[in-house]
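In case you want the letters, here they are:
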Amino acid sequence: MGLVFYVISFFAVGGALAAVLLKNLVHAALALTIAFFGLALLFLRLDAQFAGFSQILVYVGAVAILVVFAILLTKGSEVPKQGVFSKSWFTGLAIAAGVFAVLAWAVLRAAPSLPNETATPAVNVNDIGNALMGRYVLPLEIIAVLLTVALLGAVIVAMHEKERAGQS
Amino acid sequence: MIERLDQVFVILKHWLLGYLPQSWQTPVGVVISVVCIIGLYPALFAVTTVLERKGVARIQNRLGPNRVGPYGILQPMADGIKSLTKEDIVPTSADGVVHFLAPIILVVTVFMGFAVLPMGRNMVLVDMDAGLLFYFAMGASTELSVFMAGWSSRNKYSLLGAMRAVAQMISYEVALLLSSVVIVMMTGSLSLVKIVEAQNHYSYGLPHWFIFTPWGLAGFIMYAIAGTAETNRSPFDLPEGESELVAGYHTEYSGFKFALFFLGEYVAMFSISGLGSTLFLGGWMAPLAALQFIPSWIWFFGKLFVSMAVFIWVRGTLPRLRQDQLMNFAWKFVLPMCLLNLFVAGLWRFMGDGWLRWVVCSAILILAYVSIGREGMRRKHFGPRSYRYAE
């Protein structure tokens, strides 16, 4: 494990906690970026270059920016006067704990069935490309269709809003 | 002798490392390379600022800086001393921590990009398997620092500038990525060293650079447009359009923090030019087989300076775009052309050798270029210009 692992984990977990606990929404979004970076560094420590750099490119470069844009465009950037905890915080906590429990159970169950590799598997970008275009081409296409649908949906939602604004 | 001159920096580094114990050599070697990169590019930045101010002045029929030193070449020294001694003003309502971090993050992420650029034969800091992806990951992180700067300043001009900058960078980043993907398709590698090696052969004394193919030329043009927009250079410099937004997202920065922003943006230009010449112009390769005796690093930095000259020339020549023109151009022209270029590159790959693929690929690209351009221009009405307030 080593010291580097703990430093990176500290940043990832700390960033995620700050994202939940900070009052200012933009600060929370920026803290979330730190968590994304921490995750990317963890991937890189596992020699997963493609996953690590994709994490930075997609999450820091696009998702974080989108989050920040959404906050600014919806005027949510003012710091709330009262606390940041909503009334249904207990339900939220219960759902989050439930999801975490299911995921943890699945991961722990799956771990023994994996081959116990001692050497680092040498996976390069070429292999990932071949796998995506060969064995996993169907999931890839399904994700592509899903994203296209989401994109069209977002455009339609935005257009509808504009029309209504024009009528009033 | 020629071989020695080509590898002079590599040999120098090994000679220095020879004095150290075995276990120290790797970390100290990395530190030496990093220090060289961090020292070299700001020095180039200083030289290029003078060239830019002189060049733009010539285009605008002025003299430019001519007071400090002979012909004004010591101007960057004066600028550096000035920015170091100026008071660092932070607005009272600004968000202190974010305001402080933004220029640092910009400079750090911009310099990270140089880690994977091969600056000569055997002169690359890390030869990564996913080098190109690393470069784009770092490039994507600069957007966040621009936003941080604009938002934390609590100034409407800063925020507007930052929003413009981020919207523009996101739009053109798609084009930048897609125009580079063509190269990855043809070489089958994301490593920049391998991409240069794939172009490293000559026939009839002429190089096999990717720009000398139909898809390469189209890709290079798209890359140059997207790269100019990505670095917020004129004619895409709306985020800091001084006639509308004071100075955009760095309005509220003064002293050395402003200098850091300036440095970051300028070094990003070097970096994007370096990547462009690596991808399309053969990196450190000589343009003619007969010129191979000149060291490889001279060619790399020569190409860098030529593209900087083009940047300066374009800045002095073209007027600034309007925001809607900018977005329309990105999504309705550059993006479809990039997607078509991907298709053409695939076609080129599977049509085999021969002259037929040259004709077919060029024809597809030229037809698409003309028809998209015509279609875009058809709805525009160009009459005599009307002035609302000036008549």
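Rules and cut-offs
Residues numbered from 1 in each chain as written. Chains lettered and ligands numbered in written order. Predicted model: local features only at pLDDT ≥ 70, side-chain atom pairs only at ≥ 80, totals over all residues. Helix = DSSP H or I, 4+ residues; strand = E, 2+ residues; numbered from the N terminus. Buried ≥ 20, exposed ≤ 12 C-beta atoms within 10 Å, placed from the backbone. Contact = placed C-beta atoms within 7 Å. Rg over C-alpha atoms; globule rule 2.2 N^0.38 Å. Nonpolar A, V, L, I, M, F, W, Y, C, P; charged D, E, K, R; others polar. Axes fitted to C-alpha atoms, helices over the stretch in contact; angles between N-to-C directions. Parallel < 35°, antiparallel > 145°, perpendicular 65-115°, else oblique. pLDDT = per-residue confidence, 0-100. Left-handed = near helix turned anticlockwise from the far one by under 90°. Expected span 1.5 Å × (residues − 1). Bend = angle between axes of the 7 residues up to and from the residue.

**Examining the overall build of chain A**
Phase 1 of the analysis: The helix and strand tally for chain A stands at six helices and zero strands.
Phase 2 of the analysis: Each helix (α) and strand (β) of chain A, taken in turn from the N terminus, gives the series α-α-α-α-α-α.
Phase 3 of the analysis: Here chain A holds 168 residues, and 17% of them are scored as buried.
Phase 4 of the analysis: In chain A, the proportion of contacts linking residues at least 24 apart, taken out of those at least 6 apart, comes to 53%.

**What about the overall build of chain B?**
Phase 1 of the analysis: Within chain B, the regular secondary structure consists of 14 helices and two strands.
Phase 2 of the analysis: Scaling as 2.2 N^0.38, a compact globule of 391 residues should have a C-alpha radius of gyration of about 21 Å, and chain B matches this with 22 Å.
Phase 3 of the analysis: Overall size of chain B, expressed as C-alpha extent along the three principal axes, is 65 × 60 × 40 Å.
Phase 4 of the analysis: Among the 391 residues that make up chain B, the fraction classed as buried is 41%.
Phase 5 of the analysis: Partitioning the contacts of chain B with sequence separation of at least 6, the portion at a separation of at least 24 is 77%.

**Comments concerning the interface of chain A and chain B**
Phase 1 of the analysis: The partner chain B presents 18 residues to the 15 residues of chain A that form the contact.
Phase 2 of the analysis: Sorting the residues of the side of chain A that touches chain B by element identifies helix 2 (25-45) and helix 3 (49-73) of chain A as the ones contributing at least two each.
Phase 3 of the analysis: Here the side of chain A that touches chain B gets 10 residues from one element, more than from any other, and that element is helix 3 of chain A.
Phase 4 of the analysis: Classifying every residue of the side of chain A that touches chain B by side-chain character gives 11 nonpolar, four polar and no charged.

**Some details on unusual backbone geometry**
Residue and element names in this part refer to chain B.
Phase 1 of the analysis: Despite not being glycine, asparagine 61 shows a phi value in the positive range, around 60 degrees.
Phase 2 of the analysis: With respect to the element layout, asparagine 61 can be found in the loop between helix 3 (22-59) and helix 4 (75-85).
Phase 3 of the analysis: Owing to 6 C-beta atoms within 10 Å, asparagine 61 belongs among the exposed residues under this scheme.
Phase 4 of the analysis: Notably, tyrosine 71 is not glycine yet its phi reads approximately 55 degrees, a positive angle.
Phase 5 of the analysis: If you trace the backbone, tyrosine 71 turns up in the loop between helix 3 and helix 4.

**Focus: the packing of helix 7 (residues 156-187) of chain B against helix 13 (residues 323-350) of chain B**
All names here are of chain B.
Phase 1 of the analysis: The N-to-C vectors of helix 7 and helix 13 enclose an angle of 10 degrees; their axes lie 9 Å apart at closest approach. By the angle class used here, helix 7 and helix 13 are roughly parallel.
Phase 2 of the analysis: In terms of residue class, the contact of helix 7 with helix 13 is made up of 18 nonpolar, six polar and two charged.

**Remarks on the confidence of the model for chain A**
Phase 1 of the analysis: Predicted confidence across chain A gives a mean pLDDT of 80, with 82% of residues reaching 70 or more.
Phase 2 of the analysis: Element-level pLDDT for chain A is lowest in helix 6 (residues 137-167) of chain A, with a mean of 78, against a maximum mean of 89 in helix 4 (residues 89-110) of chain A.

**Notes on the packing of helix 5 (residues 96-112) of chain B against helix 11 (residues 255-279) of chain B**
Residue and element names in this part refer to chain B.
Phase 1 of the analysis: As a packed pair, helix 5 and helix 11 sit with axes 9 Å apart at the nearest point and diverge in direction by 20 degrees. Taken together, the axes of helix 5 and helix 11 lie roughly parallel to each other. Between helix 5 and helix 11 lies a crossing whose hand is left-handed. Together, Pro103, Leu106, Val107, Val110 and Phe111 of helix 5 and Lys257, Leu260, Phe261, Leu263, Gly264, Val267, Ala268 and Ser271 of helix 11 make up the contact between the two elements.
Phase 2 of the analysis: In terms of residue class, the contact of helix 5 with helix 11 is made up of 10 nonpolar, two polar and one charged.

**Quick look at the environment of valine 344 of chain B**
Phase 1 of the analysis: Structurally, valine 344 of chain B is set in helix 13.
Phase 2 of the analysis: Taking the C-alpha atoms as reference, valine 344 of chain B lies 40 Å from glutamate 242 of chain B; in sequence the two are 102 residues apart.

**Details of the environment of leucine 44 of chain B**
Phase 1 of the analysis: Within the element layout of this structure, leucine 44 of chain B appears in helix 3.
Phase 2 of the analysis: Residues leucine 44 of chain B and phenylalanine 210 of chain B lie 166 residues apart in sequence; the distance between their C-alpha atoms is 27 Å.

**Observations regarding helix 3 of chain B**
For an α-helix, the turn length of 3.6 residues means that residues three or four places apart are oriented alike.
Residue and element names in this part refer to chain B.
Phase 1 of the analysis: Over its 38 residues, helix 3 extends 55 Å from the first C-alpha to the last, a length consistent with the 56 Å expected when each residue adds 1.5 Å.
Phase 2 of the analysis: In helix 3, a bend of some 25 degrees at valine 28 exceeds every other bend along the element.
Phase 3 of the analysis: Along helix 3, the positions that sit buried rather than exposed are Tyr41, Thr48, Val50 and Lys54.
Phase 4 of the analysis: Along its buried surface, helix 3 packs onto helix 4, helix 11 and helix 12 (296-317).

**Here's the deal with the confidence of the model for chain B**
Atomic detail in the predicted coordinates should be set aside for any region of low pLDDT.
Phase 1 of the analysis: Chain-level statistics for chain B give a pLDDT mean of 84 and a share of 99% at 70 or above.
Phase 2 of the analysis: Interface confidence in the predicted complex, given as ipTM, is 0.76; pTM for the same model is 0.84.

**Thoughts on the environment of aspartate 129 of chain B**
Phase 1 of the analysis: As for its placement among the helices and strands, aspartate 129 of chain B is situated in the loop between helix 5 and helix 6 (131-152).
Phase 2 of the analysis: For the pair aspartate 129 of chain B and glycine 248 of chain B, spaced 119 residues apart in sequence, the C-alpha separation works out to 37 Å.
Phase 3 of the analysis: Not counting the four nearest positions on each side in its chain, aspartate 129 of chain B is found in contact with Gln49, Asn124 and Val125 of chain A together with Leu190 and Ser191 of chain B.

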